[in-house]
Amino acid sequence: SYHLSSIYLADLFLIFDAGHAFSIIGLNKQMLYEYVGNVLVGAKPQDEGQAAPPTTGWIVRGKLTLQRQSDLVMAAALVIDDITLNNSGEKFQQNKEMYPPYKPFKIVLTKDCAISHVVFKEGDPTWSQNFKRAIASILQFQIRSSGAFVVDELGIHGTCRTEYFVSNKTNYISVRKTPELKTCQPYSEAVHNTRSNVPPNTCEFDHQKSVIIGNEAIYGLLPHNETGYFLSMAHAKGTTLIHTFESTGEAQFINSELLLNFLNESAIDNPIDIETSMAAEPSNLQLQPLDPNDPTGGRSPQQQETLILQAGALLDTLAEALETTEFKFSEPYDSTLSDVIKLLSEMDFDSLTKLYREVDIGTSYRQETIRNIFHEIIPRIGTRASVFLTHHLVVTKMTKPQIAVQLLIPMPFHIFELSKELILKCEDFLKIGPDRPDVRQAAILSFATLIHNVYVAGRIDKEEFEAYVQKYFNAYLADRDFDQKMLYLQGLNNLQLGNVADYLEPIVQDPNEHEDLKFQAAWTTLALADRRAERIYEIYWPIFESRNASLELRVAAVTLLLISNPTAARLISIHRIIQSETNPHMINYYRTTVTSISETTYPCYQHLQVILSYQTHSHPKLMLISSRRRLLSYMHRHLPQKPEPRYWVTGNYIFDYRDSKFGIGAMLQVFLVGDPKSDMPVVAFFKFDTEALGKFTGQLALYIKARGLPDTILSQMQQRNSSEPFTFKSIKALLAMLNAPIINSKDLHLEFILQMEGKTVLSYYLNQRMFRQLTYDNILERMQQIIRTDSHINMQTVRWPFMNRYSVPTVLGTSSDVLLQTTVLTSLRGNITEQRSPPVKKHTLEIDARYSSYASVRSRSYNPFLNLDHEINREQGFLIYIPFSSELSLNESGSKCKSYSFSRPQNLTSGLSFKSRAVTKTRGLVTKTAAAPFEEILLPERQNEVVQLFSYSLPDLGVQLGVTTNLNELIKYRGMLLKSEFTENGFSGNMVVSVLMYIFGFTQLSSIHLGHDRNFTMLMYNEKATRIEGNFCTDKVLDTSDLKGKQIGLTLVHTDHTDETHTIDETGRVDALHRWNITLDVQASTKSSWFKVIGQIQRNSKDDEEDWKACTKLTYEPLVFTKRPHTINGNVVFGLATEEGECAENGSTVQFAARAGPSEHARAFLRSDKISLTDTDFCPKEVLKFSPIPTSKYCKRSNFENFTSITQYDMDLKFNNMPAWFELWSNRLDHVVSALSAHKVDSLHMSQEINISMHTPHDYFRLAVEVNGVNWRFHQIPFLYKLDSKFDASHQLTYDSGLKRSCSVINGMINTFDDYLINLADIAVGPECLTLLVADCAPQPQMAAFLTPSNNHGLGSNYGLRVHLGQNYFTLHSRNRTAQTSGESGDNSQVQSEEPVFIYLNQDQIPHDLRQKPYQWPLESSEYDFRVELNEHNILIVECSHLSATIQFDLYNILNVEIYGVYKHQMCGLCSKPLNRMQNYTICELETGTTTPSPTPAPAPAQVPVPLRKSSDVVVVA
């Protein structure tokens, strides 16, 4: 209850000056007033000059009698004359259901002339009492003096600061009273109740409210012979403005007025009875809140049985609508779902239970649909009854486990009747046993969220809350399983207040605790970090400084230190430590965090921008000194050097946008932690928030920790293609001699956590043992088994993504409200079947997908006298309907063809409709005995024409496409988008993310902002039934190690029969309306991207006399650096087919040739005498022959991109015998190009040929374009994308993302996978020794590569190569670069190209000349374990298919090893330093064929090599 201060009743006793008080009503006198109440609901036109939507409202007229029965008691009685509806003018006289206002009420005064209380008759309903309170409140005013003054006064909205202005005129006193509604307690802003299903954005401080309310009253006093003055007139006005940012339609309003006019005065001849049958409890002027289950305030309470019947009927209507294909695309406004939600919200527990029993009976398709929708709605309505029903269904096991989880997850986020009773009732959730693990998990997490929400609402005290925190922590300690500990830890995360952090700190500090649980505990502390700055420092600073701590914990520590309101000194200390940091992962995380915070527009991160500054403790003016943004700016400008792009796997990235004009925004945050050994992401945390109207319309977060996942997947794949154990013996023996580590694969550790509104709703854990139990021997076989099983699909989802409801009573005391909401119903129904009639197997798929969204901004006023709702509703409907029916037939007897079919029944319309409108409604049941409800619906006249933008008929498919829109609304919509601030917010340097966020911003703006007469449809329609069927055939005609060839055939037949019974013509074929035949002969190289295509396309139509056919031939030859550019040559011949069905001999012909390659500058440089690309010897020009080019600290991409960039583009087109339409458009193009020429040109003959040439110089800021001799030069094009012939976009993506890693050896300098530089001269021993460059150190190694240095140990010394691949190995001896070749190293000379290149295979040293033929194993097979060959640049290429590794070697002293990043952690050798260090890298081979280890030279005198085993201990088996 609220304490209400007393208010002077100046309408009864007026104080004009000191010592004088005049009674308006004399003792034993009565006054009669006429009252007129008026409520109007409407909307203002969007643009001046346009008509406003129709309004709705009502007027009540009657009499008010006031009697002064004693000094302290006033009696009041009301009479109702009539009620008039605004639009129709229909009048209703009083009836028995209006009787309650006739009950008199008593006003009791104090001796100080203040209202003590008011007393109503017993049984007087709420609506009648509130009307009488409004009458009493309007009479209330004060006069202390002439002029303006401010007092606190009690009224219908509570105690408000009230402004008065008294004007004392001749024989007349005017008083104006204006309450400052913002100061009202308890109903600030005159909003009596606010209900929302989305959390408020507490970080937003300057957001304008959607509802603005203003009240005022004007009083007129005239002279009186006895009392001095009497109240002649009182006029109260109330205005509610609905200024909704999410609507660009009309601004709505609710206006109310209450007018009192004096009629007469007389003596009391018939005292009003205010003594008998009076209520025992007194009341005050503050309006009594309505029961949520009875919004009429007792005027016409809904019977629970009636609610059950209505809800059941609406649910049946929803299910029926999902079965029909008769859609109202012209009016896609379906409020049925929101009506169901409203009805269920008014039901008590017994009624909901009874309704559930009704919908739970039956197994029909429709009953299953009703049940699905009911299960979706119940946890979202948020009433006490719905929570009790959810508890009942879950605890008593009345539903399946998946349904129980479906009920539990959303339940705590929508409850608006929060109470301690709910906690006590739902405490049973903690008792759910392990027999239902999914239900138990969802219940524990949901119960924790419920406790948090009830505590925040003030329904339980701190001690009770902390008792539940203790209970969750005890459960965490008591359980030993990791998944259960993780579950209760997430429960503590959901509690997230009070002393939760006190329980998390010991988990982080416990040295024996699981590292993953410590990280989760630290991550859970993030929400509490700003309130525990000192404790955060004490616990996490040692972790941050420790280089021995895991990367995950260090990242969590620096995050907590940055967001815990640190002092400036502490921030600078963090900055200095990062400056000396050597871990590139930590450096990248710090850089991305500071950069993201400094650029974000997300409201909840704005305080982080100002956290980073000096903390002041004294005078408030010091807060103005040293802006916190300045320190952030300092940190941003002095970031440590950016590490390589592949370290993106550890970072904190924020992509966001905001639009202050339209009040929307979104933020995507990606938090990543990588594995320092593999540089693969291990932890990923995604957070996506959307906001509108000062509310978070969506808060989703996903946490994934996946350690060992690549190893687990690879091991599953290798089990299917495992080799025999002896395959690995020789590599194992060599690695054992070097004491190489055996690097086992990591066990799987998978954590999956899903959060909504910062609270965990799902928490799963999977380890290696669980993974093996979940999977069959072959995961693909399991998936195929699921697909083969016939399945029935019937899924419905209900979403209530946004709902704001404001209760704003009128000055008459009647209820009115503003509702902003969106409801979404999606449905997916159909069947997947498989029919087997050997050898034919037929798959049938029938899917019916529907999406229906209904959004509205509704202003409503309730008329209790007639039990009518008066409302204006700006509604928007979005409807999508996509039916799909297909068949796929497979012949398992070896046929190379698959048949398919797609069909649509007759008169089917599908597509989407997106429309909005304003609707004015008046509806309700005037009397309980009325034959039918009263309903009046008014739609404004549509003033803007709807035009058809696009209409196209596809006769070959039997359908028509059409697009219509409202051009006027489209223009306004375009203007709205152009005025948005999306482009002003910095998204990210990532183009893909920027585009996605930009598109999402426009989508959000389009969906939230309800347009004015929006009208957009995109529909597909077919009048007749249509069926598309055909065959798809593939035949492998060529399969060698170098070339693969396929013949591809596709037929498409269009008929007007939906079944498989067709008319057959005289040729035995289906009598089709249209037929397409497509054949392609494709040849492609397995070693390059070369391909050749010969194709034919033919169309036959029943309506056309002749057939049309096109033939094409296309050849693509990839670029060979300095020899040949990218080349595409081909031709197309089309026209009417010959009688034999061949291509037209005199048809239209198009010949084309396109070329793209580097400039001649690269070829000239390679022919020159220059040796190196830089001023060092570690970037020789021979590296340009590699693809991709090996890089290092001394040989970066910037050193060679000017030579390798594609700068020349040429295309030649020739036309012959082209159709008339081509002549028309080519001539128009000719005129346009000629007009842009700097010289006079008569004709460019573009109807015969088009020659286009584009050349880009080295600076990339100019582009020279030539078209048929007409030249242009474009300057300053900084956004021109650079294409590279050696390091194209795919290479850049794979290397920047860390998907691939490379290790290079250039002139004796090794650049490892981790960019660690090693001088090979410090490692290699002698020419007969093998130096391990890289090897697979897994338990079953696949590959090992050794270098054999030549006798010359100088910088330019050449190497030999020995590569072990499984059970095979080969040796390539070192070669000396001759004078002939060295002088023309960049351009392979004739001598060089003819010189044989021998490799020696296995222990028998069988020679094989790669110049004659590549070598692979197995021999003459399209699938090989490894392959060795020479390319056009004389580069030796070794491919190991098991590891997907590639070795490139120029035969002399440049070598590059390329592997996938997932294998990096298991590699050893020089390329793996410093990750997997070894004591020795070299073994020397003796004449007997055995090997002996040779100690690696000590890098420092103090280091002594570790002795190795003798060669006799290990026998190398070839």
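Presented here is a report on the structure given in the accompanying data block. (Residues numbered from 1 in each chain as written. Predicted model: local features only at pLDDT ≥ 70, side-chain atom pairs only at ≥ 80, totals over all residues. Heavy atoms only, no water.)

## Some details on the side chain of Ser1226
Move 1: Within the secondary structure, Ser1226 is located in helix 28 (residues 1220-1235).
Move 2: Ignoring anything within four residues of it in the chain, the contact list for Ser1226 reads Met1246 and Ser1247. (Helix = DSSP H or I, 4+ residues; strand = E, 2+ residues; numbered from the N terminus. Contact = heavy atoms within 4.5 Å.)

## Section: the pairing of strand 42 (residues 1270-1275)
Move 1: For strand 41 (residues 1262-1267) and strand 42, the ladder comprises six bridges, and the chain directions are antiparallel. Within strand 42, the position partnered with Glu1266 by the bridge is Asn1271.
Move 2: Hairpin connection from strand 41 to strand 42: two residues lie between these consecutive antiparallel strands, with Asn1268 at a positive phi of about 50°. (Pairing = 2+ DSSP bridges.)

## Regarding the sheet that holds strand 16 (residues 651-659)
Move 1: A sheet is described by the order of its strands in space; here six strands give the open sequence 16-17-18-19-20-21, paired in antiparallel fashion. The sheet terminates laterally at strand 16 and strand 21 (759-767), the two strands that pair on one side only. Recorded for the sheet is a direction-independent mean angle of 5° between the axes of neighbouring strands.
Move 2: Bridging between strand 17 (residues 664-674) and strand 18 (residues 681-692) involves eleven bridges; their strand directions are antiparallel. Paired with Gly674 across the two strands is Pro681, which belongs to strand 18. (Axes fitted to C-alpha atoms, helices over the stretch in contact; angles between N-to-C directions.)

## Looking at the environment of Leu1244
Move 1: If you trace the backbone, Leu1244 turns up in the loop between helix 28 and strand 40 (1249-1255).
Move 2: When its relative accessible area of 8% is taken as the criterion, Leu1244 is described as buried.
Move 3: The sequence separation of Leu1244 and His1231 amounts to 13 residues, and the corresponding C-alpha distance is 8.4 Å.
Move 4: The contact partners of Leu1244, leaving out residues within four places of it in the chain, are Asp1230, Val1233, Ser1234, Glu1249, Asn1268 and Val1270. (Buried < 20%, exposed > 50% of the residue type's maximum accessible area, 1.4 Å probe, protein only.)

## Regarding the side chain of Arg195
Move 1: Turning to its location among the elements, Arg195 is positioned in strand 12 (residues 193-196).
Move 2: One buried charged residue, Arg195, forms no salt bridge at all, with the nearest opposite charge on Glu417 at 7.5 Å.
Move 3: At 2.4 Å, the side chain of Arg195 and the backbone oxygen of Ile381 are in polar contact.
Move 4: Those residues within four positions of Arg195 in sequence are excluded, and the remaining contacts are Ser345, Ile381, Gly382, Phe416, Trp800, Met803, Asn804 and Arg805. (Lys, Arg positive; Asp, Glu negative; His and termini not counted. Salt bridge = Lys/Arg side-chain N within 4 Å of Asp/Glu carboxyl O. Polar contact = N/O pair within 3.5 Å; in protein donor to acceptor, adjacent residues only side chain to side chain.)

## A closer look at the pattern of salt bridges
Move 1: Going through the model one piece at a time under the given rule, you end up with 56 salt bridges.
Move 2: Of the charged contacts in the structure, one is a salt bridge between Glu505 and Arg532, with a shortest N-O distance of 2.4 Å. With Glu505 in helix 12 (residues 500-509) and Arg532 in the loop between helix 13 (515-524) and helix 14 (533-545), this pair connects stretches of sequence that are 27 residues apart.
Move 3: Note on Glu505: relative accessible area 9%, which makes it buried.

## Looking at the state of the cysteines
Move 1: Evaluated as defined, the whole model comprises seven disulfides.
Move 2: Each sulfur in the disulfide pair Cys160 and Cys184 lies 2.0 Å from the other. Residues Cys160 and Cys184 are joined through a disulfide that is right-handed, its torsion about the S-S bond being 110°. With Cys160 in strand 10 (residues 158-169) and Cys184 in strand 11 (residues 172-186), the pair connects residues that are 24 residues apart, well separated along the chain. For the pair Cys160 and Cys184, one class covers both residues: buried.
Move 3: Each disulfide pairs two cysteine sulfurs, and for Cys1111 the partner residue is Cys1143, the sulfurs being separated by 1.2 Å. Of this pair, Cys1111 sits in strand 36 (residues 1108-1117) while Cys1143 sits in the loop between strand 37 (1126-1136) and strand 38 (1148-1157), and the two are 32 residues apart along the sequence. Comparing Cys1111 with Cys1143, the two get one shared label, buried. (Disulfide = S-S within 2.5 Å.)

## Some words on helix 1 (residues 126-139)
Move 1: Between its terminal C-alpha atoms helix 1 stretches 20 Å, which fits the 20 Å expected from 14 residues at 1.5 Å a residue.
Move 2: Most of helix 1 sits inside the fold, with 14 of its 14 residues counted as buried. (Expected span 1.5 Å × (residues − 1).)

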